Number of protein chains: 2
Amino acid sequence: MSVMTEIDRQRRPGPRIEEVARLAGVSKSTVSRVINGEQYVSAKARDAVHTAITHLKYSPNQAARSLAGNRANAIALIVSEQGSRVLGDPFFAGVLRGVHAELTGRRIQLLLMLSRPEDHDDLLAYLASGHVDGALLVSLHGDDPLPLRLQEFGLPVVAGGRPLAAGSVPFVDSDNFTGGLDAVRHLVSLGRTRIATVAGPRDMAAGLDRLSGWRRGLGEAKLSADLVAEADFTPESGAIAMSELLDRAPGIDAVFVAADIIALGVLKVLHARGRRVPEDVAVVGFDDSLLASTATPPLTTVRQDVEQLGRTMTWRLLGELAGDSGLPPSLLLPTSLVLRASA
Amino acid sequence: MSVMTEIDRQRRPGPRIEEVARLAGVSKSTVSRVINGEQYVSAKARDAVHTAITHLKYSPNQAARSLAGNRANAIALIVSEQGSRVLGDPFFAGVLRGVHAELTGRRIQLLLMLSRPEDHDDLLAYLASGHVDGALLVSLHGDDPLPLRLQEFGLPVVAGGRPLAAGSVPFVDSDNFTGGLDAVRHLVSLGRTRIATVAGPRDMAAGLDRLSGWRRGLGEAKLSADLVAEADFTPESGAIAMSELLDRAPGIDAVFVAADIIALGVLKVLHARGRRVPEDVAVVGFDDSLLASTATPPLTTVRQDVEQLGRTMTWRLLGELAGDSGLPPSLLLPTSLVLRASA
DNA sequence: CTGAAAGCGCTTACAG
DNA sequence: CTGAAAGCGCTTACAG
């Protein structure tokens with residue numbers, strides 16, 4: 001049973017487009033054209049309309065615009081996650097800030113939708129019927145079919161982070177591979193030779209690509225790439241992974257950790273097992289989240305600009321909505337190594 | 001210059017209410033009544049309509065509903081913050097989850113709006129013209145006039161956390177006072193007598209009310225309440241505050257910290273200055289965020305249920321929108337002490 | 001309990 | 001460059 005909450009109605013006050021037109025001495029059509037930034041409007045009419053709008057504090061009714069214009073003037077930010085744990089993640093927060101920044105000044109609303117894979121059908125039905133003009137997708141796991149299914153409905157989509165599913169949707173991601181590679185090169189330059197990694201989950205590109213970068217770095221240095229343990233994005237799993245690694249290879253002198261939050265658990269175990277950081281074991285994280293600078297010791301880490309990621313996703317989506325040609329199908333954003341005490 | 005991004009249009013496919021009516025053998029009016037859960041519809045008509053809707057996979061056009069019904073079928077979640085730092089906060093994440101959970105199954109969209117105080121005018125103009133039916137406000141600072149101004153516009157509002165501004169808007173908050181009181185009672189029961197506090201910012205009720213609880217607890221035990229330092233919600237400020245306290249009163253044997261994230265800095269300083277926790281100094285935090293269980297040592301803390309806070313705010317707002325009478329103007333949610341190693 | 005009709009406030013061909 | 005008119009897809013008195 002879908003419980004509908006009734007909402008009491010009473011016509012909201014405030015001017016309509018009609019009144020703006022009257023005050024400006026033009027037709028509703030012209031006011032509409034000015035509002036929508038169309039090209040063929042005389043400067044005189046434009047000024048008169050702007051003046052009237054300001055004077056009346058007019059703000060157009062979005063529902064009417066959407067209905068008449070057959071566009072929603074809204075995009076969805078879809079968080080596809082089992083427990084929607086991402087929400088508290090600095091990654092998500094950064095993306096959200098970026099999306100918002102890019103939307104500022106355009107009259108496009110941001111609808112936030114959380115959807116567990118088992119609810120995807122409802123979500124698809126809803127989105128397919130024109131409630132938004134496009135969708136941004138974050139925290140896709142494994143081969144989640146959501147992006148492709150949305151695309152089939154004809155809804156423009158941009159993913160944040162490279163989706164692993166077969167087929168392709170446009171995405172924006174940090175250059176995780178190069179980030180991992182740079183981390184290892186740095187460790188090698190420090191003279192480290194037993195370089196392990198605590199990798200991210202292998203059902204996400206961020207996990208896989210950072211791992212590939214680590215492998216490539218070891219290959220370049222002709223070092224063996226055998227010390228791999230996996231963790232999800234929690235300190236606890238990082239602690240377990242690090243323990244395993246130390247059991248397997250007590251002589252580890254460096255570790256590249258796929259996320260700062262995982263590194264928290266890694267540092268804890270290293271400390272507990274009597275290894276000094278960086279003297280005995282150098283540690284490099286990934287993200288440059290707030291955690292990195294407050295960790296003990298402060299963490300050398302690969303910085304990714306998540307706010308820029310959010311901005312770029314939004315820019316790419318809006319470009320597609322506007323029918324821009326020549327948009328890059330996908331984009332990779334640069335990362336950079338931030339040196340602190342841990343390596 | 002407000003850059004408008006044009007969005008290409010082409011009538012979205014999919015059934016309209018007309019087709020549902022035809023298939024069900026009733027009028028559009030009746031279909032509308034069924035969709036809106038109105039009372040006076042025969043069971044027969046209702047069933048026919050439901051069948052037709054399922055069959056056609058009909059999903060009503062929200063814009064048309066909003067325009068005709070003069071309601072937005074949307075509520076705003078407004079984050080009023082300077083740097084929108086809150087977004088990465090577990091507090092915000094929990095509230096968001098709760099809001100979303102409460103909205104599930106009702107056809108009400110959630111619009112996320114971030115607004116810095118200097119942008120409030122734009123936000124007010126936008127909201128005042130009927131784009132949402134109500135607003136949820138979080139992370140209000142000091143005497144931010146936003147909630148009252150929204151109320152003046154006739155927009156139903158519920159704040160998350162007690163607003164400090166004069167006048168009153170409905171709010172839902174955790175019982176911060178009792179939480180602080182319980183924390184101190186626990187410390188007293190442990191035999192501690194020099195009980196300090198690292199309080200939260202005094203421009204937020206969460207800061208003030210937890211501090212009041214601490215004061216009251218000390219009063220009950222006839223202990224002096226002179227050891228107060230203030231911090232904002234960062235580990236760094238917590239570290240500074242704890243250093244000050246130790247300088248002023250080296251004999252401190254307990255400290256109540258207004259938030260787990262602040263406690264991180266407190267623990268760091270205690271460790272650095274050679275105090276064992278809990279042997280020398282017992283520490284109680286607030287929130288029971290993920291940080292509490294992964295801290296060293298794991299943190300005894302006052303748990304608040306932020307997801308419940310989000311749910312309750314939403315329930316209160318929807319109740320008001322539905323015209324329910326007898327709604328409590330404001331609500332205080334219980335907190336509970338979670339015992340771990342630090343106290 | 002139900003239907004025909006008006007109307008919500010815009011946008012957009014169309015004609016000029 | 002501009003305006004009159006139609007129409008977007010619903011909801012809602014009104015009458016029955």
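Thresholds applied
Residues numbered from 1 in each chain as written. Chains lettered and ligands numbered in written order. Predicted model: local features only at pLDDT ≥ 70, side-chain atom pairs only at ≥ 80, totals over all residues. Heavy atoms only, no water. UniProt positions renumbered as here; feature names shortened; annotations may be inferred. Helix = DSSP H or I, 4+ residues; strand = E, 2+ residues; numbered from the N terminus. Near = heavy atom within 4 Å. Polar contact = N/O pair within 3.5 Å; in protein donor to acceptor, adjacent residues only side chain to side chain. Nonpolar A, V, L, I, M, F, W, Y, C, P; charged D, E, K, R; others polar. Pairing = 2+ DSSP bridges. Axes fitted to C-alpha atoms, helices over the stretch in contact; angles between N-to-C directions. Contact = heavy atoms within 4.5 Å.

As annotated in an unreviewed UniProt entry, chain A carries the name LacI family DNA-binding transcriptional regulator and comes from Lentzea kristufekii.

Feature annotation in UniProt assigns "domain: HTH cro/C1-type" (unreviewed entry) to the following positions: residues 18–44 of chain A. Helix makes up 63% of residues 18–44 of chain A and strand 0%, and the two end C-alpha atoms of the span are 18 Å apart.

Not every one of the 28 residues close to DNA strand D is listed here, only the nearest: Ser29(A), Arg33(A), Tyr40(A), Arg16(B) and Ser32(B). Considering DNA strand D, the proportion of its atoms within 4 Å of the protein that are sugar or phosphate atoms stands at 64%. A distance of 2.7 Å separates a phosphate oxygen of DNA strand D from a polar side-chain atom of Thr30(A). Ile17(B) places a polar main-chain atom, nitrogen or oxygen, 2.9 Å from a phosphate oxygen of DNA strand D. Of all the secondary-structure elements, those providing two or more residues to the surface near DNA strand D are α2 (28–35) and α4 (62–69) of chain A together with α2 (28–35) and α4 (62–69) of chain B. A class-by-class count of the residues in the surface near DNA strand D yields 11 nonpolar, nine polar and eight charged.

So, on to the sheet that holds strand β12 (residues 336–338) of chain A. All names here are of chain A. If you trace the six strands from one edge of the open sheet to the other, you get β7-β6-β8-β9-β10-β12, paired in mixed fashion. Edge strands, defined here as strands with exactly one partner in the open sheet, are β7 (228–230) and β12. Neighbour to neighbour, the strand axes of the sheet diverge by 20° on average, direction disregarded. Sheet topology places strand β6 (residues 195–199) next to β7; three bridges connect them, and they run parallel. Residue pairing across strands places Val-198 opposite Ala-229, the latter belonging to β7. Across the face of the sheet, helix α8 (residues 176–189) comes into contact with β6, β8 (254–257), β9 (282–287), β10 (300–303) and β12 while running at roughly 160° to β9. Sheet contacts for helix α9 (residues 205–220): β6, β7, β8 and β9; angle to β6, the most-contacted strand, approximately 170°.

What follows is about unusual backbone geometry. Residues and elements named next belong to chain A. Look at the link from Thr-296 to Pro-297: it is a cis peptide, with omega at -10°. Looking at where Pro-297 falls in the secondary structure, it is placed in the loop between α12 (290–294) and β10. One non-glycine residue, Asn-70, lies in positive phi territory at about 55°. For Asn-70, the location among the structural elements is in the loop between α4 and β1 (74–80). Positive phi, close to 55°, is recorded for Asp-288, a residue that is not glycine. By the secondary structure assignment, Asp-288 is in the loop between β9 and α12.

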